Amino acid sequence: MIDHDVIAQATPMPILVAPQAVLRQKTRLVRPEDMGDLRTTIPRMFAAMYAAPGIGLAAPQVGLGMRFAIVDVSDKGEARNPLVLINPEVIAETEDMAVREEGCLSLPNQYAEVVRPEAVRVRYQDMEGKKHELEANGLLATCLQHEIDHLEGILFVDHLSTLKRNMIMRRLAKEQRLKH
């Protein structure tokens with residue numbers, strides 16, 4: 001379980017913006033010896049995600065090449081529901097597809113409609129190394145697939161046509177130049 005007070009006191013980690021190379025690299029599995037570092041890193045990732053604000057953040061987005069992600073799809077006004085997914089994998093998905101607008105903290109202010117399986121079953125470990133399976137649909141299913149894609153070096157724009165992807169990446173590059 002993630003302690004909300006620890007998150008509140010954590011220093012947010014910087015979130016990398018595309019085209020950072022680490023965002024395109026496949027991650028390695030988290031090993032037991034990584035857990036000490038993750039206990040410090042994960043609250044800082046939640047702090048960054050909540051400040052952004054976002055609903056998911058994967059290790060590559062903060063420069064780490066390990067297979068873990070965090071999500072919290074709770075609505076404003078609801079109690080936070082932080083979820084840590086270590087070594088997650090999609091083990092089942094529906095044939096029914098759903099279209100949902102997606103954005104990404106590593107592609108700030110860029111959005112597009114993405115088609116993905118409507119529901120998924122994800123197997124993962126928690127911070128104590130215990131295995132879990134989670135069945136998800138709707139926003140949570142989309143978020144889980146999006147974050148697991150990050151662990152494979154895939155961005156949401158990779159699900160779009162080449163034309164749309166190139167338009168978004170050019171727009172992002174232009175906005176980043178104007179910002180700096």
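The preceding data block contains the structure.
These numbers were taken from a predicted model, which means no experiment stands behind them. Numbering of residues starts from 1 in every chain and runs along the sequence as written. Where totals are concerned, whole chains, interfaces and linings use all residues; where local detail is concerned, this predicted model gives features only for residues with pLDDT of at least 70, and gives and counts side-chain atom pairs only at 80 or more. As a convention, hydrogens and water are excluded, and side-chain values are obtained from all of the structure's heavy atoms.

Trainee: In this structure, what is going on with the overall build of the protein? I would like to understand it.
Mentor: Think of it this way: any DSSP run of H or I at least four residues long counts as a helix, any run of E at least two long counts as a strand, and we number them from the N terminus. What the protein contains, in helices and strands, is four helices and seven strands. Starting at the N terminus and walking to the C terminus, you meet the elements of the protein as α-α-β-β-β-β-β-β-β-α-α. We compute the radius of gyration over the C-alpha atoms and compare it with the globule rule, which gives 2.2 Å times the number of residues raised to the power 0.38. In summary, the protein has a C-alpha radius of gyration of 16 Å against a globular reference of 16 Å for 180 residues, a match within 12%. Projected onto the principal axes, the alpha-carbon positions of the protein cover approximately 45 × 45 × 35 Å.

Trainee: Which parts of the structure should I look at to understand the layout of surface pockets?
Mentor: If a probe the size of a water molecule is rolled over the atoms, the empty space left behind becomes visible. Of the grid points, spaced at 1 Å and generated over the protein atoms alone, those admitting a 1.4 Å probe that cannot get out make up cavities, while open sets with protein on both sides within 12 Å along at least five of seven lines make up pockets; any residue with an atom within 4 Å of a point is treated as lining. Grid points are joined across faces, edges and corners, and a volume is the space filled by probe spheres set on the points. Approximately 870 Å³ is the volume found for the largest pocket. As for the largest pocket, its lining consists of 34 residues, of which Pro53, Gly54, Ile55, Gly56 and Leu105 are closest to the centre. If you list the elements that add at least two residues to the lining of the largest pocket, you get strand E4 (97-104), strand E5 (107-117) and helix H3 (138-151). Take the lining of the largest pocket: its biggest share by element is six residues, from H3.

Trainee: Hey, could you run me through the packing of aromatic side chains in this one?
Mentor: Given two aromatic rings, one states the distance between the centres and the angle between the planes to describe the pair. Two aromatic rings, drawn from Phe, Tyr or Trp (for Trp, its six-membered ring), form a pair once their centres lie within 6.5 Å of each other, and the interplanar angle then sorts them: stacked below 30 degrees, edge-to-face above 60, tilted otherwise. Tallying each qualifying case throughout the model produces one aromatic pair. Distance and angle both matter: a charge sits over a ring if NZ of Lys or CZ of Arg is within 6 Å of the ring centre and within 35 degrees of the ring normal. Positioned above the aromatic ring of Tyr50 is the side chain of Arg80, whose terminal nitrogen or guanidinium carbon lies 3.6 Å from the ring centre.

Trainee: I tried to follow the pattern of salt bridges on my own but got confused; where do I start?
Mentor: Once the charged atoms of two side chains with opposite charge are near each other, the side chains can pair. Salt-bridge detection follows one rule: a side-chain nitrogen of Lys or Arg within 4 Å of a carboxyl oxygen of Asp or Glu. Tallied over the full model, the rule gives eleven salt bridges. A salt bridge links Arg121 to Glu133; the shortest N-O distance between them is 3.9 Å. You can see Arg121 sitting in strand E6 (residues 119-125) and its partner Glu133 sitting in strand E7 (residues 131-137), a full twelve residues away along the chain. Each residue is assigned to one of three classes by its accessible area relative to the maximum for its type, calculated with a 1.4 Å probe on protein chains only: buried under 20%, partly exposed between the two thresholds, exposed over 50%. Of the residues examined, Glu133 reaches a relative accessible area of 47% and is grouped as partly exposed.

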